[in-house]
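Fold and contact review
The residues making up each chain are set out below.
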Amino acid sequence: MGSLLFRSVKKKYAGENRYSVADFNLQVEDGEFLVLVGPSGCGKSTILRMIAGLEDISDGEIIIGNELVNYKPSSDRNIAMVFQNYALYPQMSVYENIAFSLRMRKMPKPSIHERVRNAAKILEITPLLEKLPNQLSGGQRQRVALGRAIVREPEVFLMDEPLSNLDAKLRVTMREEIMKLHHRLNTTFIYVTHDQIEAMTMGTRIVVMKDGIMQQVGTPREIYSKPANMFVAAFIGSPPINFIAGVVQQRDGKLYFETRQSSLLIPEHLRHELLRRRYIDKPIKMGVRAESLQCLTEEEIDADMNGGNYIKGKVDFLEFMGADVYVHADLTHYKLTVRTAAVDRSYQVGADIVIAVNMNKVLFFDSLTEELLQ
């Protein structure tokens, strides 16, 4: 069983006045691909090392399968860890690196040979078995590190930023390889990264961390479309979400999000929640993704295609992304980024621009707590 259970797990290092990991509670299902994501120093690698037994737990419990492992030596936990720097023995061949842990267990040579050959076949590195690590590319070394983990047939695979040393193109290839490997082995994977693209594309569930505290756990779609707070909303998504400060005001039975230069009609499904929580005449922050904004032509404005929910400004600068263009607009009191198709129309820096806001896709956050309101 590759399930894990964290019960109020905490970690505080000697001499520090705060917890590196604070009250971490989570159930990880057998066969799940869980990604821990967050900025440097948020505690994600510490969690991984506590699972592996490389760090002591200050408080709480970690259960793997049905067994409490708090005080169990790392060597006796049925887990395998893939490190950022691969940690290969330079003087050993690929075969010897993969077989090393099995030899330490005194496994019979025929069994070792079979496991190494099977792992090499899965990872397509059979021709490399007699080579030394310094004769391999970064991607090949990463496959060897994965092979060393596979042969142990662990209950849980732990991966600590395994792709961070690879170039951008190879990272994409290795992401695909690791996802295929997970599907093939049907084993629990716990993967640590600071790269939100890796998290969104690889994980069946994502845990977003900040300052040792779990901010949110959910599927990639849940994390993206309904972030728990402004930190999660800003950390997940590219380009980053736009935030606009304003006030909720009521006129003629309708609610409007008022800023210093625009008045946007709040849709009914959000209106009831803001009324219920008494946010009338209170400061609030609106989050809107770049794809929920649209650059309008004069004809579209005249036709009032967006119910009047648009903002005027100037093009500040442009980012050409291939199929898309990120239009960065200066709206005097704040800035917005719009994602638009590159073939739609051309834009000039300094030109006037009108941006339509899809108010059915916006998110509202409390200005003080930064928590999502809907």
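Structure's up top.
Here's a quick rundown of the structure. As the structure is a prediction and not an experimental result, all values here were calculated from the model.

In terms of helices and strands, the chain carries 10 helices and 20 strands. Its C-alpha atoms put the chain at 80 × 45 × 35 Å along the principal axes. Once local pairs closer than 6 in sequence are excluded, the contacts in the chain between residues at least 24 apart make up 65%. For the chain, the computed accessible surface area is about 18,400 Å², with 48% contributed by carbon and sulfur atoms. Here the chain contributes 46 positively and 46 negatively charged side chains, and the mean placements of these two sets differ by 5 Å.

This part takes up the sheet that holds strand S10 (residues 213-218). The strands that make up a sheet are held in pairs by hydrogen bonds between backbone atoms, and each pair lies either parallel or antiparallel. A sheet is described by the order of its strands in space; here six strands give the open sequence S6-S7-S8-S3-S9-S10, paired in mixed fashion. The open sheet has two edge strands, strand S6 (79-82) and S10, and neither has a second partner. Averaged over all adjacent pairs, the angle separating strand axes in this sheet is 15 degrees, with direction ignored. In this sheet, S10 lies alongside strand S9 (residues 205-210) in antiparallel orientation, the contact comprising five bridges. Each bridged residue has a counterpart across the sheet, and for Val 207 the counterpart in S10 is Val 217. Against the sheet, helix H5 (residues 168-185) touches strand S3 (33-37), strand S7 (156-160) and strand S8 (188-193), its axis set at about 160 degrees to S8.

Of the consecutive residues Ser 238 and Pro 239, the connecting peptide bond is found in the cis state with omega at 0 degrees. Among the secondary structure elements, Pro 239 is positioned in the loop between helix H8 (230-235) and strand S11 (242-251). Within the chain, Glu 124 stands out as a residue other than glycine whose phi angle is a positive 60 degrees. Take Glu 124: it is sitting in the loop between helix H3 (109-123) and helix H4 (138-150). The class of Glu 124 is exposed, set by a relative accessible area of 66%.

Interaxial distance between helix H2 (residues 94-104) and H4 falls to 7 Å at its minimum, and their mutual angle equals 30 degrees. As far as their axial angle goes, H4 and H2 are roughly parallel. The hand of the H2/H4 crossing is right-handed. From H2, Val 94, Asn 97, Ile 98 and Ser 101 reach across to H4, where they touch Val 144, Gly 147 and Arg 148. Of the residues belonging to the contact of H2 with H4, the class tally is three nonpolar, three polar and one charged.

Parameters and conventions
One numbering rule holds for all chains: residues counted from 1, following each sequence as written. Side-chain atom pairs in this predicted model are given and counted only at pLDDT of 80 or more, local residue features only at pLDDT of at least 70, and totals for whole chains, interfaces and linings cover all residues. By convention in this description, side-chain values take in all heavy atoms of the structure and omit both hydrogens and water. Strands here mean DSSP runs of E at least two residues long; helices mean DSSP runs of H or I at least four residues long; both are numbered from the N terminus. In what follows, residue pairs with any heavy atoms lying within 4.5 Å of each other are defined as contacts. Areas reported here follow the Shrake-Rupley algorithm with a probe of radius 1.4 Å; residue values treat only the protein chains shown as occluding. All tallies of charge rest on Lys and Arg as positive and Asp and Glu as negative; His and the ends of each chain are not included. We put the charge of a Lys on NZ, of an Arg on CZ, of an Asp on CG and of a Glu on CD. Here, any two strands with at least 2 DSSP bridges between them count as paired. An axis is simply a line fitted to the C-alpha atoms; with a helix, the fit covers only the stretch in contact. Between two such axes, the angle follows the N-to-C directions and lies from 0 to 180 degrees. The buried label applies to any residue whose accessible area, calculated with a 1.4 Å probe on protein chains only, is under 20% of its type's maximum; exposed applies above 50%, and partly exposed to all values in between. For classification purposes, angles smaller than 35 degrees are called roughly parallel, those larger than 145 roughly antiparallel, those between 65 and 115 roughly perpendicular, and all remaining angles oblique. A crossing counts as left-handed when the near helix is turned anticlockwise from the far one by less than a right angle, and as right-handed when that turn is clockwise. Residue polarity is assigned by list, with Asp, Glu, Lys and Arg as charged and Ala, Val, Leu, Ile, Met, Phe, Trp, Tyr, Cys and Pro as nonpolar; anything else, Gly included, falls into the polar class.

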